[in-house]
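A structural walkthrough
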Amino acid sequence: MVLHTSPYTSACLHFLDGLSWSLVFPCYWLLDRLLASCVATSLEKRQRSQDPCSFLTLCVLISAPLYLLLLFASLPFALLGFIIWAPLQAVRQPYLYTYRRPDKYQAEQGQAGPGGMGTGEWRPQGRSFCFCTANVCLLPDSLARFNNLSDTHRRARDVGKRIRNGASRPQIKIYIDSPTNTSISAASFSSLATAFRRTSSLDQRPDQTQTTNGPADTEVEPLTECPIHPSSGATDCPVHPPTRDQGSSECPLHSDGANTTSDCPIHPGGTNTSQCPVHTSGDASICPIHSTGAQNCQGNHDCPMHEEGTQSKPSPDCPLHTSGVQISISAPEPDLQEEEATTGNHRPGEQTGGDSGSMTASRESLARCHGSDVGVGVSLNNTLSHVPRTSVFKRPGRKRRHGDETFDHEISAFFPANLDFLALQEVFDHGATTRLRRQLHRYFPYVLSDVGRYGWKGCCSRFKFLNSGLLLASRYPILDARYECYPNGRGEDALAAKGALFAKVHLGMSHQDQRVVGYLACTHLHAIEGDATVRCEQLDLLLQWGAEFRQSSSQPPAGEKVLEDLVAFDVILGDLNFDNCSSEDKLEQQHALFTQYKDPCRLGPGEDKPWALGTLLDPSGLYDDEVSSPESLQKVMENEEGRKEYLVFPPSKSQCPASSQKGRKIPLKGNGRRIDYILYSDEGLQRDWKQEIEEYSFITQLAGITDHLSVAVRLAVSTGEEEP
């Protein structure tokens, strides 16, 4: 179980590889630019049509012959480099394992184990893990243009930034101490961070006392909306009086000092409740402020509505503190160097607008009112208190739970907070891999990249010009990894070393000093339509290789006696290149894979759940204004007509599969082609351990830089034990 930290075992071979590539690269780059100049994206065509002087067209006409001339001049050097490079691929390692040491803050907060995140003691109640998969189409620029994408190196950097910034957003957790009031909608998550700019990572339940957030001070902004009344211009709020009344002796509840009530928590002694800003009917018995008895909540000494020590338990009628429901916001500490690089000349408190690639935008997105069913108030201990539904206007939510579904599902403009595992496909270009890995390492300590074989070694006798394109990033330490290449590729797919990458990750230690581990498999299947038998053979190999990997990695070293590992999860992520609604994919839909692994979006062969969404975008519409940003693409995907316009649907007999779908009137089946999967298995799980999907997300944050939607799942693993 030795991880390969270098492509070659000796420095001499590494030097020869660098020398050979330096000879090949000029020819490779010129050929790529020459082909790219001949294939224009829809965005470039639009720009050329808007160029009155045809300057862009003139540049292409001049540069193409120049590229061709230099290409012929570099061919002798490229041939020499190829002669050196090709034999070296026989001894090249199948992947590159890289590790970035956690920063000092993570180590102090206990988020990093022996070089990574969260490898401490396994909690009896279990943990929750977040998985994500995305096809990012980082082919050489000339090949990416056939998918209407260009500038691969820039896109690789943007992909890394967006993923990192989305995963670094504050995570919001809801804790309910009493079952009497549990009506908190998950849809309100996106609008709860109005009063927070930055908080430190808190993985435990918030205490009732003020929380210290480590070395970084928490910045709290003034409330912009009253937790009792919505933004309707009310000036008689009992918590937030008008600015002109600050310091005044007048009671914010009663405009004239004489009109007070005997049960007013601020000015007892009167009987008139006609001036109460909460109720207008004069019936004080139903008012959450003017009710019988003093309304005081235990443990909320900072509440302006309650005095101390007059009520032994929380009141369900209090508009600020109800039945112990608390919401905490936590976020990983940002990388200081990256924060300086991304902010540039911006001041620390300055907003950067709607840039989906900025840290500020990803955090500020939580404050946008995409939808909420509840309001919140902010207390001094960095927790948010639940406010009854009657206190605010209702707004439609984004997170939904369909029918008898046991988990939430949503279309999100951002990657999930606290993402643990990331699987990417089509990371083919070497320069793009380097740029993407550099960005991901600012969030993920462990990365497996440059996966696959080149040349003739490995898969079969056919030469491999591209590697597998797989990349796996983890916040937990990787114990073992293995790559296997599919030997049955056909056509253009045979030019890439497509296969499967398996990894074993260390999640923690049990009370009995047993390792708790998880298994991940990242794969990309054959893409050519009509080759169902090829994909089924690859699925057979995937199951076989996965079983062999789990068996071999669980065996202790010879002569050593160790306790058996406890398996928390077994997850498959990747682009399987078939969907669950196309009639052409019936063979794959009935494969044994779906008897061993569960698909949260699947009802059965050929039938998805109503909320399941296609993940393959129509390349011809990638640069339309309606889908050019994560937020706009999210809105389009939430609309049925928008999905029909911009998603790829199963081809029909009366339409060519390669043609655009815009404006077609043929009935469309389902919600598009869902070819990106996250599957999980509970086989081999410990006795009494249970797995439960908490959330399923279709993500639009990579809008404009790839032709796929990303998919994320949050999986909870419980042990069935009780907290000691």
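**Quick notes on the overall build of the chain**
For the chain, the count of helices and strands is 14 helices and 21 strands. When burial is assessed residue by residue, the chain has 55% of its 724 residues classed as buried.

**Comments concerning the nonpolar core**
Counting 67 residues, the largest nonpolar core has Phe 131, Leu 507 and Phe 569 as the members making the most contacts within it. Ranked by the residues each element gives to this core, the list is headed by strand β16 (residues 566–575), at 5 residues. When residues no more than four places from it in sequence are discounted, the contact partners of Phe 569 are Phe 129, Phe 131, Phe 421, Val 505, Leu 507, Val 517, Gly 518, Tyr 519, Leu 520, Leu 685, Gln 691 and Leu 715.

**Regarding the sheet that holds β16**
As summarised here, the arrangement of the 5 strands in space is β13-β14-β15-β16-β19, forming an open sheet in which the pairing is mixed. In this open sheet, the two strands that pair with only one neighbour each are β13 (478–485) and β19 (676–681). For this sheet the average axis-to-axis angle between neighbouring strands, irrespective of direction, equals 15°. When β13 meets strand β14 (residues 499–509), the two strands line up antiparallel, connected through 7 bridges. Residue Ala 481 lies in a different strand from β14, and its bridge partner there is Ala 503. This element, helix α10 (residues 532–554), spans β13, β14, β15 (515–524) and β16 of the sheet and lies at about 35° to β14.

**Thoughts on empty space enclosed by the protein**
According to the stated counting rule, one finds 7 cavities of 30 Å³ or more in the structure shown. The calculated volume of the second largest cavity comes to roughly 80 Å³. Phe 502, Gly 546, Arg 550, Asp 570 and Tyr 597 are, among the 14 residues lining the second largest cavity, the residues nearest its centre. When residues of the lining of the second largest cavity are traced back to their parent elements, those giving at least two are β15, α10 and β16. A total of 6 residues in the lining of the second largest cavity trace back to one element, the largest contributor, which is α10. In terms of residue class, the lining of the second largest cavity is made up of 10 nonpolar, 2 polar and 2 charged.

**Let's talk about helix α1 (residues 11–38)**
Compared with the 40 Å implied by 1.5 Å per residue over 28 residues, the 40 Å span of α1 between its first and last C-alpha is a close match. In α1, a bend of some 35° at Val 24 exceeds every other bend along the element, and Pro 26, a proline, comes one to four places later. Within α1 the residues assigned to the buried category are Ser 20, Leu 23, Val 24, Cys 27, Leu 30, Asp 32, Leu 34, Ala 36 and Ser 37. Where α1 is buried, its residues contact α3 (55–88) and α5 (141–144).

**Re the packing of helix α6 (residues 152–167) against helix α9 (residues 430–440)**
Interhelical geometry of α6 versus α9 gives an angle of 20° and a closest axis separation of 8 Å. The angle between α6 and α9 falls in the class roughly parallel. The handedness of the crossing between α6 and α9 comes out as right-handed. For the pair formed by α6 and α9, the contact residues are Thr 152, His 153, Ala 156, Arg 157, Val 159, Gly 160, Lys 161, Ile 163 and Arg 164 on the first element and Gly 431, Ala 432, Arg 435, Leu 436, Gln 439 and Leu 440 on the second. The residue inventory of the contact of α6 with α9, partitioned by class, reads 6 nonpolar, 5 polar and 4 charged.

**Brief notes about the state of the cysteines**
Here the structure, examined in full by the defined rule, presents 0 disulfides. Sulfur of Cys 132: no disulfide; nearest cysteine sulfur belongs to Cys 130 and is 7.1 Å away.

**A short note on the packing of aromatic side chains**
Scanning the model with the defined rule gives 29 aromatic pairs in all. Measuring from centroid to centroid gives 6.0 Å for Tyr 519 and Phe 549, while their planes differ by 90°, and the two rings are edge-to-face. Of this pair, Tyr 519 sits in strand β15 while Phe 549 sits in helix α10, and the two are 30 residues apart along the sequence. Overall, the relative accessible area of 5% leaves Tyr 519 in the buried class. Here the aromatic residues Phe 82, Trp 85, Tyr 454, Trp 456, Phe 463 and Phe 465 are joined through ring pairs into a cluster of three or more. The cationic tip of Arg 602 hangs over the ring face of Phe 594; the distance from NZ or CZ to the ring centre is 4.1 Å.

**Section: the pattern of salt bridges**
Considering all chains together, one arrives at 19 salt bridges under this definition. Between Asp 493 and Lys 498 there is a salt bridge; the shortest N-O distance is 3.0 Å. By relative accessible area, which is 11% here, Asp 493 ends up buried. Classification of Lys 498 as buried rests on a relative accessible area of 9%. For Arg 515, the salt bridge goes to Asp 565, with nearest N and O atoms at 3.1 Å.

**Looking at the side chain of Glu 588**
Turning to its location among the elements, Glu 588 is positioned in helix α11 (residues 586–589). A distance of 2.8 Å separates polar atoms of two side chains, one belonging to Glu 588 and the other to Arg 535. Dropping the residues within four chain positions of it, Glu 588 is found in contact with Ala 532, Arg 535, Cys 536, Phe 578 and Phe 594.

**Description of the environment of Leu 34**
You can see Leu 34 is positioned in helix α1. Each C-alpha atom of the pair Leu 34 and Leu 68 lies 6.8 Å from the other, and the pair is 34 residues apart in sequence. Ignoring any residue separated from it by four or fewer positions in sequence, one finds Leu 34 in contact with Ala 64, Tyr 67, Leu 68 and Leu 71.

**Quick look at a nonpolar patch on the surface**
Residues Trp 21, Phe 25 and Trp 29 make up a contiguous nonpolar surface patch of roughly 290 Å² in combined accessible area. For Trp 29, the position within the fold is in helix α1. The exposure class assigned to Trp 29 is partly exposed, which follows from its relative accessible area of 38%.

**A few points about the side chain of Arg 127**
Assignment of secondary structure puts Arg 127 in strand β2 (residues 127–138). Arg 127 gets classed as buried once you look at its relative accessible area, which sits at 12%. Here Leu 507 takes part through its backbone oxygen, which lies 2.5 Å from a polar atom of the side chain of Arg 127.

**With respect to the sheet that holds β2**
Within the open sheet, the 8 strands sit side by side as β1-β11-β12-β10-β2-β21-β20-β9. Their pairing is mixed. At either end of the open sheet lies a strand with only one pairing partner, and these are β1 (96–99) and β9 (408–412). Neighbour-to-neighbour, the strand axes of the sheet open up by a mean angle of 15°, direction not taken into account. By the bridge criterion, 6 bridges tie β2 to strand β10 (residues 421–427) in an arrangement that is parallel. Opposite Leu 138, over in β10, you have Val 427 as the bridge partner. The strands touched by α6 are β2 and β10; relative to β2, the strand with the most contacts, the crossing angle is about 165°.

**Remarks on the confidence of the model for the chain**
Mean pLDDT over the chain: 73, with 60% of residues reaching 70 or higher. Contacts of residues 230–235 to residues separated by more than four positions or lying in other chains number 7 contacts, the stretch itself having pLDDT below 50.

**Topic: the environment of Arg 162**
By the element assignment, Arg 162 lies in helix α6. Here Arg 162 falls in the buried class, since its relative accessible area comes to 13%.

Calculation notes
- Residues numbered from 1 in each chain as written.
- Predicted model: local features only at pLDDT ≥ 70, side-chain atom pairs only at ≥ 80, totals over all residues.
- Heavy atoms only, no water.
- Helix = DSSP H or I, 4+ residues; strand = E, 2+ residues; numbered from the N terminus.
- Buried < 20%, exposed > 50% of the residue type's maximum accessible area, 1.4 Å probe, protein only.
- Core = buried A, V, L, I, M, F, W, Y, C linked by side-chain atoms within 4.5 Å.
- Contact = heavy atoms within 4.5 Å.
- Pairing = 2+ DSSP bridges.
- Axes fitted to C-alpha atoms, helices over the stretch in contact; angles between N-to-C directions.
- 1 Å grid on protein atoms, 1.4 Å probe; cavity = no way out; pocket = protein on both sides within 12 Å on 5 of 7 lines; lining within 4 Å.
- Points joined across faces, edges and corners; volume = space filled by probe spheres on them.
- Nonpolar A, V, L, I, M, F, W, Y, C, P; charged D, E, K, R; others polar.
- Expected span 1.5 Å × (residues − 1).
- Bend = angle between axes of the 7 residues up to and from the residue.
- Parallel < 35°, antiparallel > 145°, perpendicular 65-115°, else oblique.
- Left-handed = near helix turned anticlockwise from the far one by under 90°.
- Disulfide = S-S within 2.5 Å.
- Phe/Tyr/Trp six-rings, centres within 6.5 Å; stacked < 30°, edge-to-face > 60°.
- Lys NZ or Arg CZ within 6 Å of the ring centre and 35° of its normal.
- Salt bridge = Lys/Arg side-chain N within 4 Å of Asp/Glu carboxyl O.
- Polar contact = N/O pair within 3.5 Å; in protein donor to acceptor, adjacent residues only side chain to side chain.
- Patch = residues over 30% accessible without salt bridge, like charges linked within 9 Å, V, L, I, M, F, W, Y side chains within 5 Å.
- Areas by Shrake-Rupley, 256 points an atom, 1.4 Å probe, with all protein chains shown as cover.
- pLDDT = per-residue confidence, 0-100.

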